[in-house]
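Architecture and fold: a report
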Amino acid sequence: MDHNPEDPLFLFLSHIAPHWANADDPIQVPQKYVDRFPHIVNEGRRKYAGAVAALDDSVGAVIAALKSKGMYENSIVVFSSDNGGAGLENTLGGLPVTHANNFPLRGAKTSQWEGGLRVTACIASPLLEKPKRVSNQLFHITDWFTTFLRLAGIGKPNEIDGYDIWDSISRDRPSPRTEILHQIDPVWKEYALRWNQYKLVIGSYTNASGYRIDQWYSEEDGFDPTFFDSTAKGAITCEDLETAQRIPCAYTEEPCLYDIHNDPCEYRNIAADKPDIVGLLMVKLNEYNRTALPSRKLPRDPRSQASLTGGLCQPWSA
């Protein structure tokens, strides 16, 4: 509130509200927020909804502050997640559960499947030329940096990965991005690359319990499908998991290929039908891998303990 509205402002606010807190109490949320959702039967889902509601109130407070200072009319507010949620699959690996749900997508947080990678974002601004719409175009989180530079009147530096996507967002023009390198992990031998509508998947991360997060997860009574509006703009619809025709793939032994436009839930491996696409994506992946730096596992630094800073996670060393 002390900011001079005449000066430009970049504010980055990273919430931890829906993230799991600790092993013995994964979701910590004031009871007044939990009480907003008596219709949600599953206790974990009810608490998770409360955490998201608290987050929503916090975002509302930021918007209200911008408006009170007369800054909102010239502001662009981006609200985005960083990865898919962690839910039922964590119990199988002995980890805390936040009761998130990535329905109807495959996989979850830490996986290269759509449930771990595909997230929503919301942009609010009076500067949008075509507001109040849904975009299903391909964007990546690195694109925000380049886009913000353009909006601030700063040119794009050479050799950075992000694209300027403002015309796609504001004017509904085609996205300049056609490719995303999702994963190169030589330690777990896990690779994933998106090119246009196709996605190549090789290998899989395995957690400490030897479990691979590669299924379609839902807790018992944890998700009420009647809350899901398949007719809404941007809704992802897939065939019923129990009756869908699936084409499996031994992804730890060979490349798998999925058509994300037509099969967003990754039911059918089409590598055998499109060997030319597999070959093209393998060439692209190998080129990325050629310039990748070696993985490093640094030792733990005792100065990083949040207990030393009152529970606050923050930089601890220059």
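All residue numbers refer to position in the chain's written sequence, counted from 1. In keeping with the model being predicted, local features are shown solely for residues with a pLDDT of at least 70 and side-chain atom pairs are shown and tallied solely at 80 or more, while totals for entire chains, interfaces and linings include all residues. Working from all heavy atoms in the structure, the side-chain values ignore hydrogens and water.

Moving on, we get to the nonpolar core. As used in this record, nonpolar core signifies buried Ala, Val, Leu, Ile, Met, Phe, Trp, Tyr and Cys residues forming a set joined through side-chain atoms within 4.5 Å. Burial classes follow relative accessibility: with a 1.4 Å probe on protein chains only, a residue under 20% of its type's maximum area counts as buried, one over 50% as exposed, and anything between as partly exposed. By size, the foremost hydrophobic cluster in this structure holds 13 residues, and its most contacted members are Tyr198, Leu200, Leu257, Ile277, Leu281 and Leu285. Among the secondary structure elements, those contributing two or more residues to this core are β4 (190-195), β5 (198-202) and α7 (275-290). Put simply, DSSP H or I for four residues or longer makes a helix, DSSP E for two residues or longer makes a strand, and each gets a number counted from the N terminus. The element that contributes the greatest number of residues to this core is α7, accounting for four residues. Should any heavy atoms of two residues lie within 4.5 Å, those residues are considered in contact. Those residues in contact with Tyr198 that lie beyond four places of it in its chain are Leu193, Leu257, Tyr258, Asp259, Ile270, Lys274, Ile277 and Leu281. Membership of the second largest hydrophobic core comes to 11 residues, among which are Tyr33, Phe37, Tyr48 and Ala51.

The pLDDT value tells you how sure the predictor is about a given residue, anywhere from 0 up to 100. Looking at the chain as a whole, its pLDDT mean stands at 89, while 96% of the residues score no less than 70. Mean pLDDT across the elements of the chain ranges from a minimum in helix α3 (residues 89-92), with 72, to a maximum in strand β6 (residues 256-259), with 98.

Now for the pattern of salt bridges. Where side chains of opposite charge bring their charged atoms close, a pairing between them can arise. For this analysis, a salt bridge means a side-chain nitrogen from Lys or Arg found within 4 Å of a carboxyl oxygen belonging to Asp or Glu. Summed over all chains, the structure comprises 14 salt bridges. The partner of Arg171 in a salt bridge is Glu129, with the nearest N and O atoms 3.0 Å apart. With Arg171 in helix α6 (residues 166-171) and Glu129 in the loop between β2 (121-124) and α5 (143-151), the pair connects residues that are 42 residues apart, well separated along the chain. Classification of Arg171 by relative accessible area gives partly exposed; the value is 28%. Residue classification places Glu129 among the exposed positions, given a relative accessible area of 52%. Its salt-bridge partner being Lys199, residue Glu266 comes within 2.9 Å of it at the nearest N-O pair. Note that Glu266 is positioned in the loop between β6 and α7 and Lys199 in strand β5, a separation of 67 residues in sequence. Each member of the pair Glu266 and Lys199 is classed as buried. Salt bridges linked by common partners bring Glu129, Arg150, Asp164, Asp167 and Arg171 together as one network.

Bringing the pairing of strand β3 (residues 179-185) into the picture now. By the convention used here, strands pair only if DSSP detects at least 2 bridges between them. Of the pairings in the sheet, the one linking β3 to β4 comprises six bridges and is antiparallel in character. Residue Ile184 lies in a different strand from β4, and its bridge partner there is Tyr191. Between β3 and β4, which pair antiparallel and follow one another directly, the connecting turn spans four residues, one of which, Lys189, has a positive phi of 55 degrees.

A few words now on the side chain of Ser204. Within the secondary structure, Ser204 is located in the loop between β5 and β6. Judged by its relative accessible area of 4%, Ser204 falls in the buried class. Once residues lying within four places of it in the same chain are set aside, the contact partners of Ser204 are Gln112, Trp188, Lys189, Glu190, Arg212 and Tyr251.

Among the residues making up α5, those that are buried are Asp143, Trp144, Thr146, Thr147 and Leu149. In the core, the buried residues of α5 are packed alongside β1 (77-80), β2 and α6. Gly153 lies just past α5 and shows a positive phi near 80 degrees.

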